[in-house]
Amino acid sequence: MGVTYGRSLARTGGFALAYLLAVLAGRLTVLDGRNMSLVWPAAGVAAVWFCAQRRSRARWADVAALAVITMVVNTATGATPAMAAIFVAANLAQVWTFLRLLDTWRPRLWDDGLHRSRDLWALLGAAFGATVAGAAVGPTGMWLITGHYSWPSTFVWLARNTAGVLLIGAVALCAGQIAAWFRQGRPLRRHRAAECIALIVCSATVYLGTFAYSRGLPIAFTLLAATIWAGARFPTPFVVVHDLAVGTVSVLFTLSGHGPFAAIDDATTRAFVGQLFVVMVAVVGLTLALGRNERDSLLTELAAEKAQLAREREQASQRADLLQTIIDSTFDGLLLLDPDRRVLLRNPAATQLLGEFTGLDGLLRNTDGTPFVLDLTGADLPETDVLVSGTGRVLSLRAAELPDPDGARSSVVLFHDVTAERRRRDELTGFAGVVAHDLLSPLTAITGWAEVAAAAVDMTPAHPAVDRARDGLARVSRSAERMRSLIDGLLDYTTARDGEVATETVDLGAMVAEVTVARLDAAIAGGLPPPRFTVGGLPRVRADPVLMRQLLDNLIGNAIKYTAPGVTPSLTITATNVDRMAHVCVADNGIGIPAGQHDQIFGNFHRAHATQGYAGTGLGLGICKRIVERHGGTITAADNPGGGSRFLFTVPLDARDHEPARDSAQLH
């Protein structure tokens, strides 16, 4: 949210007052006759001022206030107007450089606060770079006025302004943490309060002893002990305040002529060494405090990551237990085999169905009695019936490859007991055969006697009653043919549903050629327009040749039958290979499929065009669906974009032929 114009001006007034006080304080430390201050806290206040007001809508007021205060105070304390103008330019250059460097190195520092060591180095680097820019303007301008360039004065400028920006900037960056601590009002623990008091007492003692009562003894090194203690044990805001306090104490003692720095005769050198000490104390204390903060932050993150890892490990263990429970409770047998077909994992159902075993070799047999060999080269194993050696048990088994992370290929095998189902299927198949035979025998007799009666009627002189008899016999013959077609369809459906699937390598191209040639011959013999066939490259597949021929014959026969009168049937048969499956498409130019019936047409006894005079039992596409499903594939119907229908079915590819032939043929 942006700051209003009035509020910006109010903040400008507050910072201007703080800057005025800082300038006055700095001018009170002017060295002997040189118009050069020992300390310059105004540099830090100006840096904080313009950082806080960097989004202000009244930046002009900030620049104007700084310029006016600098001019007035410097001229009032002995500086000429020209010198004061140079100080204005130097301060503005210093502030602008500080803002640019901070935005480049740590653009979020002023919003986030002082928390890491790199924050300190960015602040120190920006402070030093800014004071270099200020020194390039200030001492150079003084040289233009006085004709004398003072390198000592330049070094003092660098030291005092860097110290001012570093300390005041650090206090401002930690102000939010200090205010939050006071707002919370949480008392220190007893041992922390005691340590804090001890640090204050020790700091006062060593600084008082070093600056007031050292009597020339070289004990200045003890000053660092208090700084190290504060940085190693106390929060960063406390360290900032401690550094500011001890720095102020050292400056005050030096100004009063006491302490190790007051013993330096040259005032410029005394000012430089004193400010260098303040910077060193601040850097050492803040480096220790911020380093401890980073260590604590890393330890906290590490503890959080360890806790998260422990939770994830617990969740993984729970998921593994749940998965094991599911595997153990399933009624289907499950095996996990290594690349050498050794058993790595089995569930209780597998042991119950197969007994104790270490591998499948010699344990299972095909339904024709030959040994069963699990071969997943090139394709997964679709649902297959196998026999358990030494028992009468029949299992329905399917398997798939399971790639391992190391590149090896394990296998997962699922199976369940279908002995009772296969026994019922065989009984039903036998029953269907007996029923069909028993129904076909009287049906054949009906057809034969109807033909004899029709021949006798044809020899009878014309009479209305004879015509009625001839019509009735024709109806009997047609009904008998429909009955025969229905019985044949039921037998085909029973075979497709329950018959044994004996898969072998089937050349779809050769099989389609046989079916299309037979359909051409039938059309020519019946005096019908010969259909046109366009056959693309078709692959070799693993399928039962009898069932596959029936599937193709049904689809091609339907496409020819359901063609509008006067239209020559045109069929296109193509295939593509996707994921070890052949996707075969049979497209035609027929009358199509009524809207909303693309799924229903695969149901038993469903006839999409029952009222349009097309003969059929409604079992053909149901037989096709069952054949495809028993081969582990799917079949769907869709509208042909050019008119007609498109039937797409999938069957497993032969392991030795994953690419279809590239040739195509057209039959007329």
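What you see is a predicted model, and the numbers here were worked out from it, not measured in a lab.

1. Description of the overall build of the protein chain
No. 1: From N to C terminus, the protein chain includes 18 helices and 14 strands.
No. 2: Classification of the 668 residues of the protein chain by burial places 40% in the buried group.
No. 3: Considering only residue pairs separated by 6 or more positions, the protein chain has 66% of its internal contacts joining residues 24 or more positions apart.

2. Things to note about the environment of R292
No. 1: Assignment of secondary structure puts R292 in helix α12 (residues 267-329).
No. 2: Discounting chain neighbours no more than four positions away, the residues touching R292 are G231, A232, R233, F234, P235 and T236.

3. A word on a nonpolar patch on the surface
No. 1: There is a patch of nonpolar side chains on the surface, built from Y5, L9 and W60 and spanning about 330 Å² of accessible area.
No. 2: Here Y5 is to be found in helix α1 (residues 5-27).
No. 3: Residue Y5 is classed as partly exposed on the basis of its relative accessible area, which comes to 35%.

4. Describing the nonpolar core
No. 1: Formed by 57 residues in total, the largest nonpolar core has its most connected members in Y19, W49, F98, L114, L166 and L286.
No. 2: A total of 10 residues in this core trace back to one element, the largest contributor, which is helix α2 (residues 41-52).
No. 3: When sequence neighbours within four positions are dropped, the list of residues in contact with F98 reads A47, C51, L123, A126, A127, A130 and V165.

5. Observations regarding the side chain of T70
No. 1: With respect to the helices and strands, T70 occurs in helix α3 (residues 59-76).
No. 2: Within the structure, the side chain of T70 is placed 2.8 Å from the backbone oxygen of L66, a separation counted as a polar contact.
No. 3: Not counting residues within four places of it along the chain, the set of residues in contact with T70 comprises Y19, A84, F87, V88 and N91.

6. Considerations on the sheet that holds strand β5 (residues 394-403)
No. 1: Strand order in the open sheet formed by six strands is β2-β1-β6-β5-β4-β3, with antiparallel pairing between adjacent strands. Lying at the two open borders of the sheet, with one neighbouring strand each, are β2 (343-346) and β3 (364-366). Taking each pair of neighbouring strands and ignoring which way they run, the sheet shows an average axis angle of 35°.

7. Section: the confidence of the model for the protein chain
No. 1: With 87% of its residues at a pLDDT of 70 or more, the protein chain has an overall mean of 80.
No. 2: Mean pLDDT across the elements of the protein chain bottoms out in strand β14 (residues 665-667) (51) and peaks in strand β11 (residues 581-588) (92).
No. 3: Ignoring residues within four places in sequence, the model shows residues 609-613, a span with pLDDT below 50, making six contacts including any to other chains.
No. 4: Across residues 660-664 the pLDDT falls below 50, and counting only partners more than four positions away or on other chains, this stretch makes 10 contacts in the model.

8. Re the packing of aromatic side chains
No. 1: Enumeration over the complete set of coordinates arrives at eight aromatic pairs.
No. 2: With a centroid separation of 5.4 Å and an interplanar angle of 45°, the aromatic rings of W49 and F50 are classed as tilted. For the residue pair W49 and F50, the accessibility class agrees, reading buried in each case.
No. 3: Arranged with centres 6.0 Å apart and planes meeting at 5°, the rings of Y207 and F211 form a pair that is stacked. A residue pair is termed a helical-turn pair when its members lie 3 or 4 positions apart in one helix, as Y207 and F211 do in helix α9 (residues 190-212) at four residues.
No. 4: Take Y207: its relative accessible area is 3%, and that puts it in the buried class.
No. 5: Among the aromatic side chains, those forming a connected cluster through ring pairs are F15, Y19, W49 and F50.
No. 6: Geometry around W157 places R160 over its ring, the cationic atom sitting 5.1 Å from the centre.

9. Side note on the packing of helix α11 (residues 236-255) against α12
No. 1: At a minimum axis distance of 9 Å, the contact between α11 and α12 shows a crossing angle of 165°. If you check the angle between α11 and α12, you find them roughly antiparallel. The two elements α11 and α12 meet at a crossing, and its hand is right-handed. In this structure, α11 contributes T236, V239, V240, D243, V246, G247, S250, V251 and T254 to the contact, and α12 contributes R270, Q275, F277, V278, V281, A282, G285, L286, A289, L290, R292 and N293.
No. 2: Looking at the contact of α11 with α12, its residues break down into 11 nonpolar, seven polar and three charged.

10. A word on the pairing of β11
No. 1: The element β11 is largely enclosed, with a buried count of seven among its eight residues.
No. 2: Where strand β10 (residues 570-578) and β11 come together, eight bridges link them in antiparallel fashion. By the bridge assignment for β11, I573 is matched with V586.
No. 3: Hairpin connection between β10 and β11: a loop of two residues separates the two successive antiparallel strands, and D579 in this loop has a positive phi of roughly 55°.

11. Here we look at the pattern of salt bridges
No. 1: Summed over the entire model, instances satisfying the criterion amount to nine salt bridges.
No. 2: Between D417 and R393 there is a salt bridge, with the nearest N and O atoms lying 3.5 Å from each other. Linking D417 in strand β6 (residues 409-417) with R393 in the loop between β4 (381-388) and β5, this pair joins segments that are 24 residues apart in sequence.

12. Regarding the pairing of β5
No. 1: Here β4 runs beside β5; their pairing, made up of five bridges, is antiparallel. Residue pairing across strands places L387 opposite V394, the latter belonging to β5.
No. 2: The turn joining β4 and β5, which pair antiparallel and follow one another in sequence, is formed by five residues; a positive phi near 80° is taken by G390.
No. 3: Relative to β6, β5 runs antiparallel, the two sharing nine bridges. Residue pairing in the sheet places E401 in a bridge with S411 of β6.

13. Description of unusual backbone geometry
No. 1: Positive phi values are uncommon outside glycine, yet D579 reaches one of about 55°.
No. 2: Along the chain, D579 falls in the loop between β10 and β11.
No. 3: Of note, the phi angle at R580 is positive, near 65°, even though the residue is not glycine.
No. 4: Looking at the secondary structure, you find R580 in the loop between β10 and β11.

14. Some thoughts on the environment of T162
No. 1: Mapping T162 onto the fold places it in helix α7 (residues 151-173).
No. 2: Put simply, T162 and Q275 are 113 residues apart on the chain and 8.6 Å apart in space, counted from C-alpha to C-alpha.
No. 3: For T162, the residues in contact, after removing those within four places along its chain, are L124, A127, F128, T131 and W157.
No. 4: Polar side-chain contacts of T162 include one of 3.0 Å to the side chain of T131.
No. 5: Among the polar contacts made by the side chain of T162, one reaches the main-chain carbonyl oxygen of L158 at a distance of 2.6 Å.

15. Re the packing of α1 against α3
The relative placement of two packed helices is expressed as an angle between their axes plus a distance between the axes.
No. 1: At their nearest, the axes of α1 and α3 sit 9 Å apart, and the two run at 25° to each other. Of the possible angle classes, the one that applies to α1 and α3 is roughly parallel. Considering the relative orientation of α1 and α3, their crossing is right-handed. Judged by residue contacts, Y5, L9, T12, A16, Y19, L20, V23, L24 and R27 of α1 engage W60, A61, D62, A65, L66, I69, T70, V73 and N74 from α3.

The rules behind each value
Residues numbered from 1 in each chain as written. Predicted model: local features only at pLDDT ≥ 70, side-chain atom pairs only at ≥ 80, totals over all residues. Heavy atoms only, no water. Helix = DSSP H or I, 4+ residues; strand = E, 2+ residues; numbered from the N terminus. Buried < 20%, exposed > 50% of the residue type's maximum accessible area, 1.4 Å probe, protein only. Contact = heavy atoms within 4.5 Å. Patch = residues over 30% accessible without salt bridge, like charges linked within 9 Å, V, L, I, M, F, W, Y side chains within 5 Å. Areas by Shrake-Rupley, 256 points an atom, 1.4 Å probe, with all protein chains shown as cover. Salt bridge = Lys/Arg side-chain N within 4 Å of Asp/Glu carboxyl O. Core = buried A, V, L, I, M, F, W, Y, C linked by side-chain atoms within 4.5 Å. Polar contact = N/O pair within 3.5 Å; in protein donor to acceptor, adjacent residues only side chain to side chain. Pairing = 2+ DSSP bridges. Axes fitted to C-alpha atoms, helices over the stretch in contact; angles between N-to-C directions. pLDDT = per-residue confidence, 0-100. Phe/Tyr/Trp six-rings, centres within 6.5 Å; stacked < 30°, edge-to-face > 60°. Lys NZ or Arg CZ within 6 Å of the ring centre and 35° of its normal. Parallel < 35°, antiparallel > 145°, perpendicular 65-115°, else oblique. Left-handed = near helix turned anticlockwise from the far one by under 90°. Nonpolar A, V, L, I, M, F, W, Y, C, P; charged D, E, K, R; others polar.

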